[in-house]
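Single-letter residue listing:
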Amino acid sequence: MRDLSRLSAVPVTSFAMVMGVGGLGLAWRKAHEVLGWPALIGNGLLAAQAGLFMVVLGLYGFKLLRHPALVTAEFRHPLLANFFPALGINVLIMAEALLPDNPEAANPLWLAGAGFHLGLMVLMARRWLVQPYEPRQVTPPWFIPVVGNILAPLAGVPLGHTELSWFLLAAGLAGWVLLFPILFHRLLCLEPLPPTLTPTLCFLMAPPAVGFLSYTALLGGQPDGVARLLLFTALFEALVMLAMVGRFLRTPLAANGWAYGFPVAVLALALLGYHKAVPGAASGVLAAIALLAATAIVAGVTVRGLFAFDDQGQSLR
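Residues numbered from 1 in each chain as written. Predicted model: local features only at pLDDT ≥ 70, side-chain atom pairs only at ≥ 80, totals over all residues. Heavy atoms only, no water.

Overview of the overall build of the chain
For the chain, the helix and strand inventory stands at 15 helices and zero strands. Taken over C-alpha atoms, the radius of gyration comes to 18 Å for the chain, in line with the 20 Å a tight globule of 317 residues would show. Projected onto its principal axes, the C-alpha positions of the chain cover 50 × 45 × 40 Å. Long-range pairs, those at least 24 residues apart, make up 79% of the contacts in the chain with a sequence separation of at least 6. Split by element, the accessible area of the chain, about 13,400 Å² in all, is 72% carbon and sulfur. Side-chain charges of the chain comprise 17 positive and 13 negative groups, with the mean position of each set lying 8 Å from the other. (Helix = DSSP H or I, 4+ residues; strand = E, 2+ residues; numbered from the N terminus. Rg over C-alpha atoms; globule rule 2.2 N^0.38 Å. Contact = heavy atoms within 4.5 Å. Areas by Shrake-Rupley, 256 points an atom, 1.4 Å probe, with all protein chains shown as cover. Lys, Arg positive; Asp, Glu negative; His and termini not counted. Charge placed at Lys NZ, Arg CZ, Asp CG, Glu CD.)

Structure, rendered in structure tokens:
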């Protein structure tokens, strides 16, 4: 069994792994609402996400106390720094999980998560503007700081924070629109991503999928043309990822496992949301397939991740 000194080296990427469990829990809860599937699975996954988050947070706090220089190095790293906002995303997921039964507890959690994430995004945006980067350093995990802002309205709207939710969505979508062409130029014109980062391409699906969910929530639940553009952009990117499955299978599952979980989970959640708003046989089958695929993927990468704390950060460097 790994001793505590090794567990204290838990990398910041572990917060992204926990995001996948939470995203899948939200998707299964939506499946209960839309498809009548068991509620126990979604509730269990959301409870597991909260438990995993507290464990990882405790271990990372232990690392901060014992090895502050390592945490500082991660925060200054051009890739790993983008995983710190995943902490705020997990808090937002927990707020969304509590919302139906305990909005009084969900509200302070949402405010804490949204505030933490917005603050970190401002710091990251300042760094992007004043610190020079080499084009090869721009990678899909750079989308993590913007995704949390895009996600915030999902719980913010029913909690009554409508104008703040619009602001957060605008900030997140602006970040996505600005970063996407830079990343695409890097992928198209420079050397390919290293093998350990290839699975992070799946994170291209996350901003438009989450954008569909939050924008639709701000519209009152009924998607318009813009919402459809966001969802179908995510769906097209999912088809591209599906065409790359052979390449993904040839990539060793180590630090990169986090990259599969959250994007496939929120895509399934978005498709379930679309099926609820625009019911039909095809949309229902597609949503069900996406959820089952996401369940298998998240289960695999989470189990692998729980036994790989000490290698998750190293192979991303």
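Comments concerning the nonpolar core
By size, the foremost hydrophobic cluster in this structure holds 98 residues, and its most contacted members are Trp-110, Phe-203 and Phe-262. At 14 residues, helix H13 (residues 258–277) tops the list of elements feeding residues into this core. Those residues in contact with Phe-262 that sit more than four places away from it in its chain are Met-19, Gly-20, Ile-93, Val-147, Phe-203, Ala-206 and Val-210. (Core = buried A, V, L, I, M, F, W, Y, C linked by side-chain atoms within 4.5 Å. Buried < 20%, exposed > 50% of the residue type's maximum accessible area, 1.4 Å probe, protein only.)

What to know about the pattern of salt bridges
Under the defined criterion, the tally for this structure stands at five salt bridges. A salt bridge links Glu-74 to Lys-63, with the shortest nitrogen-to-oxygen separation between them at 3.1 Å. Taken together, the residues span a long stretch of sequence, with Glu-74 in helix H4 (residues 68–76) and Lys-63 in helix H3 (residues 39–66) at a distance of 11 residues. A single burial state applies to Glu-74 and to Lys-63, both of which are buried. (Salt bridge = Lys/Arg side-chain N within 4 Å of Asp/Glu carboxyl O.)

Keep in mind these values describe shape, not function.
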